[in-house]
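Structural features, examined
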Amino acid sequence: WNLLDAGCGVGAFTATYLAAGFDVHGVDFSPTAIARARERFPQARFTVSSLETLSLGESFDVIAAVDVLLHIVDDEAWRRVVAALAEHLTPGGTLLIIDSACDRPLATATHVRMRSVAGWQGAFRRAGVTLLEHTRLELPTENATKDIFVLRRA
């Protein structure tokens, strides 16, 4: 099974994915982060790329995007990223997004934009992925809420 870690940074989750038996390919727009990830995990592949223009020429059984998409503040760019991730899924593949949603679109800082669950659902429909599960996880010690979306490509 192969896994794309979308917005992998320095590889915070790479060890977990490798231990689970995945062939890991991480993507991040930061050359510095990718260089560090390559140093830490030579057994994984890493590519410098914007998620918005992602074009890897391969598909993945699993794609994970953890606390990444809220940093795309432009709504059209955000929709393009959701579509690009969906396009990189194998048929029957699973897309896991862990992010923060809110009841209405909200900009909490200039580099963060939270969208409504309805907004997420619309982006998923347009991208051709089916929402299998949505779980809201309260993290009181961090004063945060995370939304976990599990999706499948038909």
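Everything numeric in this text was worked out from a predicted model, so none of it was measured.

Structural notes on the side chain of Ser100
Tracing the backbone through its elements, the reader meets Ser100 in the loop between strand 5 (89-99) and strand 6 (101-102). A distance of 3.2 Å separates the side chain of Ser100 from the backbone oxygen of Thr145, its partner in a polar contact.

Quick notes on the layout of surface pockets
In this structure, the largest pocket encloses a volume near 370 Å³. Along its surface, the largest pocket is lined by 20 residues, and Gly7, Asp28, Phe29, Leu51 and Val68 are the ones closest to its centre. Only strand 1 (2-6), strand 2 (23-28) and helix 3 (75-87) provide two or more residues apiece to the lining of the largest pocket. Its residues assigned to classes, the lining of the largest pocket comprises 12 nonpolar, four polar and four charged.

Describing the environment of Val73
Relative to the elements of secondary structure, Val73 occurs in the loop between strand 4 (60-66) and helix 3. On the basis of relative accessible area, Val73 is assigned to the partly exposed category, the value being 38%. Between the alpha carbons of Val73 and Gly92 there is a distance of 29 Å; along the sequence they are 19 residues apart. Contacts of Val73, omitting those with residues within four sequence positions, involve Thr110, His111, Val112, Arg113 and Arg115.

Focus on the pattern of salt bridges
Side-chain pairs of opposite charge can arise where the charged atoms are in close proximity. Under the definition given, this model contains eight salt bridges. With its nearest N and O atoms 3.4 Å apart, the salt bridge here joins Glu39 to Arg36. Here the residue Glu39 and the residue Arg36 both occupy positions in helix 2 (residues 31-40), the gap between them amounting to three residues, near one helical turn. Taking relative accessible area as the criterion, Glu39 reaches 58% and is therefore assigned exposed. Given a relative accessible area of 40%, Arg36 falls into the partly exposed group. For Glu58, the salt bridge identified is with Arg45, shortest N-O distance 3.0 Å. Within this pair, whereas Glu58 is found in the loop between strand 3 (45-48) and strand 4, its partner Arg45 is found in strand 3, the two being separated by 13 residues in sequence. The class of Arg45 is partly exposed, set by a relative accessible area of 41%. Salt bridges sharing partners connect three or more residues here, namely Asp75, Arg113 and Arg115.

A closer look at the nonpolar core
Of all hydrophobic cores here, the largest spans 30 residues; its most connected members are Leu51, Ile63, Leu69, Leu85, Ile97, Trp120 and Phe124. Broken down by secondary-structure element, the contributors of at least two residues to this core are strand 1, strand 4, helix 3, strand 5, helix 4 (117-127) and strand 10 (144-153). At seven residues, helix 3 tops the list of elements feeding residues into this core. Sequence-distant contacts of Leu85, defined by excluding residues within four places in its chain, comprise Ala6, Leu54, Ile63, Ala65, Leu69 and Leu95.

Observations regarding the pairing of strand 8 (residues 112-116)
Among the five residues of strand 8, five are classified as buried, and the element is accordingly described as predominantly covered. Relative to strand 8, strand 6 runs parallel, the two being bridged by two bridges. Paired with Cys102 across the two strands is Ser116, which belongs to strand 8.

Some points on the packing of helix 3 against helix 4
The angle between the axes and the distance between the axes are what describe a pair of packed helices. Where helix 3 contacts helix 4, the two axes come as close as 9 Å, and the packing angle between them is 50°. Put simply, helix 3 runs oblique to helix 4. Crossing geometry of helix 3 relative to helix 4 is assigned as right-handed. Listed contacts from helix 4 to Trp78, Arg79, Val82, Ala83 and Ala86 of helix 3 are Gly119, Trp120, Ala123, Phe124, Arg126 and Ala127. Split by residue class, the contact of helix 3 with helix 4 holds eight nonpolar, one polar and two charged.

Calculation notes
- Residues numbered from 1 in each chain as written.
- Predicted model: local features only at pLDDT ≥ 70, side-chain atom pairs only at ≥ 80, totals over all residues.
- Heavy atoms only, no water.
- Helix = DSSP H or I, 4+ residues; strand = E, 2+ residues; numbered from the N terminus.
- Polar contact = N/O pair within 3.5 Å; in protein donor to acceptor, adjacent residues only side chain to side chain.
- 1 Å grid on protein atoms, 1.4 Å probe; cavity = no way out; pocket = protein on both sides within 12 Å on 5 of 7 lines; lining within 4 Å.
- Points joined across faces, edges and corners; volume = space filled by probe spheres on them.
- Nonpolar A, V, L, I, M, F, W, Y, C, P; charged D, E, K, R; others polar.
- Buried < 20%, exposed > 50% of the residue type's maximum accessible area, 1.4 Å probe, protein only.
- Contact = heavy atoms within 4.5 Å.
- Salt bridge = Lys/Arg side-chain N within 4 Å of Asp/Glu carboxyl O.
- Core = buried A, V, L, I, M, F, W, Y, C linked by side-chain atoms within 4.5 Å.
- Pairing = 2+ DSSP bridges.
- Axes fitted to C-alpha atoms, helices over the stretch in contact; angles between N-to-C directions.
- Parallel < 35°, antiparallel > 145°, perpendicular 65-115°, else oblique.
- Left-handed = near helix turned anticlockwise from the far one by under 90°.

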